[in-house]
Amino acid sequence: MATEFGHQTASGHLTVPAESKEPYAADVLAQLYADAELVVARYPQKRSALLPLLHLVQSVDGYITGRGIDFCAEVLDLTRAEVSGVATFYTQYKRHPNGEYTVGVCTNTLCAIMGGDQIWESVSEHLGIGHDETTPDGKITLERIECNAACDYAPVVMTNWEFFDNQTPESTKQLVDDLREGKPVAPTRGPSRVCTFKQVSRVLAGFHDGLADEGVGAGAASLVGLNVAHERGWTAPDTDVHVTGEHQAQATAGGMAAGRHPSTDTPANEPDELPGGDDADKNGK
Amino acid sequence: MTNLTPILTKFWDDPQSWTLETYRRNDGWKAFDKALKMEPAALVQMTKDSGLRGRGGAGFPTGMKWGFLPPPDGGPRYLVVNADESEPGTCKDIPLMMAAPQFLIEGVAITSYAIGCNHAFIYLRGEVVHVYRRLLRAVEEAYAAGLLGKNIMGSGFDLEVTVHAGAGAYICGEETALLDSLEGRRGQPRLKPPFPAVAGLYARPTVVNNVESIASVPPILLHGADWFADMGTEKSQGFGIFSLSGHVKNPGQYEAPLGITLRELLDMAGGMRDPQKKLKFWTPGGSSTPLFTDEHLDVPLDFESVGAAGSMLGTRALQIFDETTCVVRAVDRWTEFYKHESCGKCTPCREGTWWLKQITGRLENGQGSEEDLEKLLDICDNILGRAFCALGDGATSPITSSIQYFREEYIAHLTNGGCPFDRDASSLFAKDNVPA
Ligand SMILES: Cc1cc2nc3c(=O)[nH]c(=O)nc-3n(C[C@H](O)[C@H](O)[C@H](O)COP(=O)(O)O)c2cc1C
Ligand code: SF4
Ligand code: FES
């Protein structure tokens, strides 16, 4: 067990345990086929099922195993190279055995500056492991993660992709200690307990675990604007009035910065790049 | 003075805000009823008239995008909702889907009807498992209530909705990379044209829209295009969610008409966390939009005004940093992000972001030389406009804008032989010691 999580060097990432290639037990395989059929049925073309199927493999093996790659390739009529190529592109797919809990400290700029860097350093030192490494008891894999869309709750820590908001070095050390001791741990916004990595991987494959109705709808920061509006008696404009005819639609892309495409995107279609040639839309202006 | 306008955020404080029942109590699914009695073309026209522009960053007119689909040819057409929200600082779609997922599902139903789509997809980033549960549940509830499925409410309209979880890759927010990813491939952008409207998912006509864009459709239909267009500014109409984070007293979500200013928003957010410490720099729309400083407190936050002031409205992700913050450290970390997330498809971005990170890293540590600033600008110049997608362009924004406004601070790192800032002063924990 210890050695399984012990290959923490660069070459260790290439050294997968022998079980990675062992065939699945018959009952496990039968269940995998049954689940895969449901996943494939969600899409008009079966290759679309690949990302959820890789999550499904992690729900059984705890990481992307050689046999899991074989399984996906077989179900989807792909080569193993095609499946591996996809599996190695995405950071949530783990290439070596993952701990029962992935603890991800957001160290993107906003969180880092709000204290994420201090959290990272103290918890990494506390556990004695670095990025993408696992404690010898197999409980915790530590990660530095990118912005998790919760900057208003910075600094943020994700545990098995559940939100732990407004963390401190102390609270995060307590969190990992509790996880290692098997104490129940609840996210700030999420279900009443953190599930295991394998359980969460099954949800990500699209199999609902029935916990959607647990937890809050919105955390405190999500409600600050609404609260200000309540206090000051502000509402959206009168929603009963329907004025007609007055307004001229301004359907132009005029707001884009000139001379360069906007940073977060290029427009889907420029008005002069209409597929059909003619501007089907001119009467819209 | 601009007031807040809670529309999408209106019932987020309901203890069961995410359920179909709560949504129905708040006029939920009434717009869809109305839609089914209309011609699809009239819905597209209404969306054009409302002036709604994409809330995912670029601000492309939503109704116009729908109008670009070629005429029906009997084959499938798709709606794909971009719920990948990963642009640093952006944190509006995730709370929206956590608190009120039914808004999105109803928007999906109306949009699908408008564009003739019978199978819609929601592509959610994989790192938010509880949001995925809420979406799965919302879709389940809608099916059970007969709002999705076959021959919906006897209208003859069929709609299937699939909620799909990604697996961790910022680039999958770029719409064509998203489509490749949804097809089970590595998420790398496609050459455009053809645009998704012509050859999108499975090479079929496809509309890709942001979560907030689609969630805005039900209220527009319910209250009218003019109601929406009367909010905001002349060319940036309607409302949007503004996300404040960082050194403000009350970070969080503020739903307001476009054109509100940061000064107004800061007033609503209780000001800076410590009134003694000045605002130093901020992003108007995520890390890919050039930085603003305290000179820009009164720039109306609409597409045109932010553009004229040298940045972009982007996703209205206002990351706010006070004078305790080292701008070089901030930029170095964002640069590391772009380097990490570069998909590797094109050389300017793949190689350029790697070199940018080498240089910002040594500057933050007080190594390197003043010439490195020119080198940075030179590399940015070689990426901007030459990268295959907008990720590469975005990577240059923090660097060029920070050198523009804070060149001396880079130099100070060199003369000081390291970062002159005390990073603990910037942290949230320091905030606890600040007098209220
Ligand atoms: C690198 C990159 C990341 C992006 N990430 C997102 C995202 O997470 N969510 C989103 O809606 N749009 C994102 N976009 C913009 C999309 O490409 C697309 O323009 C948008 O989804 C269109 O929807 P809208 O017109 O409703 O805004 C991103 C663009 C780029 C270049
Ligand atoms: S700009 Fe970067 S992310 Fe975009 S295609 Fe090129 S390498 Fe990929
Ligand atoms: S920077 Fe950490 S959640 Fe956004």
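Nothing here was measured: the structure is a model prediction, and the numbers come from that model.

Let's talk about the sheet that holds strand β1 (residues 78–83) of chain B
Residues and elements named next belong to chain B.
Phase 1: Strand order in the open sheet made by the four strands is β3-β2-β1-β4, with parallel pairing throughout. The open sheet terminates on both sides in strands that have one partner only, identified here as β3 (160–165) and β4 (206–210). Geometrically, the sheet is characterised by an average inter-axis angle of 20 degrees between neighbouring strands, direction not taken into account.
Phase 2: Each of β2 (119–124) and β3 is contacted by helix α7 (residues 129–144), which is oriented at about 170 degrees to β3, the strand it contacts most.

Details of the domain arrangement of chain B
All names here are of chain B.
Phase 1: Once the domains are mapped, chain B shows domain 1 (20–229), domain 2 (239–322) and domain 3 (327–433).
Phase 2: Computed over C-alpha atoms, the centres of domain 2 and domain 3 are 21 Å apart.
Phase 3: Summed over both sides, the interface between domain 2 and domain 3 buries roughly 1400 Å², with carbon and sulfur atoms accounting for 60% of that surface.
Phase 4: Between Lys 280 and Glu 409 there is a salt bridge whose closest N-O contact spans 2.6 Å.

Remarks on the pattern of salt bridges
Phase 1: Within the structure shown, the criterion is met by 44 salt bridges over all chains.
Phase 2: When the shortest N-O distance is used, the salt bridge between Lys 139 of chain A and Glu 100 of chain A registers 3.2 Å. With Lys 139 of chain A in the loop between β2 (133–134) and β3 (140–145) and Glu 100 of chain A in the loop between α5 (80–87) and β1 (101–106), this pair connects stretches of sequence that are 39 residues apart.
Phase 3: Residues participating in the shared-partner salt-bridge network are Asp 117 of chain A together with Arg 329, Asp 332, Arg 333, Glu 336 and Lys 357 of chain B.

Comments concerning unusual backbone geometry
Phase 1: Residue Ala 154 of chain A is joined to Pro 155 of chain A through a cis peptide bond whose omega torsion reads -5 degrees.
Phase 2: As for its placement among the helices and strands, Pro 155 of chain A is situated in the loop between β3 and β4 (157–159).
Phase 3: The linkage connecting Pro 193 of chain B with the following residue, Pro 194 of chain B, adopts the cis geometry, with an omega of 0 degrees.
Phase 4: Relative to the assigned elements, Pro 194 of chain B resides in the loop between α8 (175–182) and β4.
Phase 5: In this structure, Asp 77 of chain A takes a positive phi of about 55 degrees despite not being glycine.
Phase 6: Checked against the element boundaries, Asp 77 of chain A lands in the loop between α4 (66–76) and α5.
Phase 7: One non-glycine residue, Ala 203 of chain B, lies in positive phi territory at about 60 degrees.

Cut-off values and rules
- Residues numbered from 1 in each chain as written.
- Chains lettered and ligands numbered in written order.
- Predicted model: local features only at pLDDT ≥ 70, side-chain atom pairs only at ≥ 80, totals over all residues.
- Heavy atoms only, no water.
- Pairing = 2+ DSSP bridges.
- Helix = DSSP H or I, 4+ residues; strand = E, 2+ residues; numbered from the N terminus.
- Axes fitted to C-alpha atoms, helices over the stretch in contact; angles between N-to-C directions.
- Contact = heavy atoms within 4.5 Å.
- Domains from an automatic or database assignment.
- Buried area = accessible area lost by both parts, 1.4 Å probe.
- Salt bridge = Lys/Arg side-chain N within 4 Å of Asp/Glu carboxyl O.

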